[in-house]
Every structure is written in C-alpha cells, then in structure tokens.
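Tertiary structure, described
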Amino acid sequence: MVTDQRVLTAEKPEPSTHGSHGVRLYLQRQADTLPRYLLEQLMYAMFGWIPTIIGIGIRAIMYRIILSIKGWAAIENHVRLRFANRIILHHGVYLDQGVYLHACPNGIEIGENSIVMHGAVLHVYNFRNLPHAGIRIGKDCLIGEYSVIRGQGGVWLGDRVYTSPFTQILAVNHVFRNPEEPFIYQGITAEGIIIEDDVWLGAGCIITDGVKIGKGSVVAAGSVVTHDVPAHTLVGGVPAKIIREITEENFPVNGRKVYF
C-alpha cells in the first residue's frame, strides 16, 4: 500500500565460490522450504501440462493441495506458480496459459471472477523483507496480455480494474543518487501503488511507484503515470497529465453503436 514512509534498503551481497550457494539461492526464490518446493514441483509435473477442460478440472481439485482456492478457479496448462502456498484465488478466477505468479511474502490474492490473461507476470519479488510487499486484486478485474505487476511496495487494485496488454504496474524504484557507487548497492524505495475501483489502464501504459489512481479514471495508451490521478479523470502523455474530467458532456457517444 502507499505509505508516507518510504522503504530504503541496501544490499551488498557477499561473493561466494561455493556451488551450494547458487542452489540455496535458487530454492529461496522458489518456495518456503525444500519439502514445499518438491511438493509444488510434483504437482506441476503431474498435472500442470494437461490441456483442455480436463486439465482445468483436474487442477481445480489437485492444486488445492498447494494453494488456497475459495470456490472454483480455472487454471490453464503451463501456468507457473511460485510460493504457491501464498496464493489465494477466489471463486471464478481464470488464469490463462503462460501466466506467471511469484508470490514470495506477502503473497498474491485475486478476487472473484477476475481474469489474468496470457503472458501476464505478477511478481511480489520481496527478497528484502519489505513490510508492505504483496499484490491484491479485487473482483471482476482483467489483467491484460503480457502485463507486469511488481509488488515490492504493495500493489492494491480495487474492483473492475482493467489493464490493457503490456501494462506495467511497478511498485519499486532504484536509488541512484551517488555517482561513485553502483546503483545496485544504493538500495530501493518501495512506496506502493493503489488503483481504485473502475479504472481502465490503456495499452502499454506504465504506473510508477508511489502513485494512487482515483476511482473511475482512465489512463491513455502509452502513458507514464508519475503522480496521483484524481477520480473520474482522463490522463495521458509522458509524464501523464490531466486531459479532462470524465463526464457525459466531455465524452459524447455521437451516434456510435455501443455494445454491452
């Protein structure tokens, strides 16, 4: 979530010549424990590849062993899950082929009847024990094809939030104020992103860390949002600026056929 206090963390990894260090690092990025890793990988090997509605039905039952499904959820084949025990799917959730959910603490939760389309990546990526990390998606949302949500600072999406293809929601920033030191040793800030109900994000737009987008707003395709967006406004550009308030007078249909 967005907070007034920014999180600043610096890490200087110690070099290691031991092969076991790489294996240990890999496992820490995959699951809470080695037994959990083995269990999850077994589930994917046995059931993750099965196509068609048969596979969806099998996974809806068997994946309850490794993640929390409240009701029934549809998971296509070749969906990758990491830290599956920290994933919550509510009734009616659909995960398309090629979706990648990496839910290391504090997890990913997807609300009722929400859809995550092909190639989308939801990655909490919290390997620094950041206090607000996590991704929460409300009801009836759509995460478009190849969209990326990075949740180090916490990402909260309300109900009926639609992201178009290639949208990026990035709740993290690198610090690079010291020209004498590599930026990877200067830490990160992670303030979080809030997107309220009924927001539409256009194709290819980028939402940067620390931003709050108000209810009923629209972000034009290709925009880069660096500041808060008031409710019921259209913004666009790089960086995004307010274009106009969303009202019936400002956006007439002008005789065009509207489909429901």
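Now for a description of the structure that goes with this document. Please read these numbers as outputs of a predicted model, since none were measured by experiment.

About the criteria used
- Residues numbered from 1 in each chain as written.
- Predicted model: local features only at pLDDT ≥ 70, side-chain atom pairs only at ≥ 80, totals over all residues.
- Heavy atoms only, no water.
- Helix = DSSP H or I, 4+ residues; strand = E, 2+ residues; numbered from the N terminus.
- Expected span 1.5 Å × (residues − 1).
- Polar contact = N/O pair within 3.5 Å; in protein donor to acceptor, adjacent residues only side chain to side chain.
- Salt bridge = Lys/Arg side-chain N within 4 Å of Asp/Glu carboxyl O.
- Buried < 20%, exposed > 50% of the residue type's maximum accessible area, 1.4 Å probe, protein only.

1. A closer look at helix H2 (residues 34-47)
Here H2 is 14 residues long and its end C-alpha atoms lie 20 Å apart, about the 20 Å a rise of 1.5 Å per residue gives. For H2, the capping residue at the N-terminal end is Thr 33, with a side-chain oxygen 3.1 Å from the backbone nitrogen of Arg 36.

2. What about the pattern of salt bridges?
Tallied over the full model, the rule gives six salt bridges. Two residues, Arg 136 and Glu 109, come together in a salt bridge whose shortest N-O distance is 3.7 Å. With Arg 136 in strand S10 (residues 135-137) and Glu 109 in strand S7 (residues 108-110), the pair connects residues that are 27 residues apart, well separated along the chain. Close ionic contact of Asp 198 with Lys 215 constitutes a salt bridge, the shortest N to O distance being 2.9 Å. Of the two residues, Asp 198 sits in the loop between strand S18 (193-195) and strand S19 (200-201) while Lys 215 sits in the loop between strand S21 (212-213) and strand S22 (218-219), which places them 17 residues apart along the sequence. A residue is classified by how much of its surface remains accessible, and Asp 198, at 29% relative accessible area, is partly exposed. The class of Lys 215 is partly exposed, set by a relative accessible area of 34%. Within this structure, Arg 160, Asp 198 and Lys 215 form a network of salt bridges that share partners.

These figures come from the coordinates and say nothing about function on their own.
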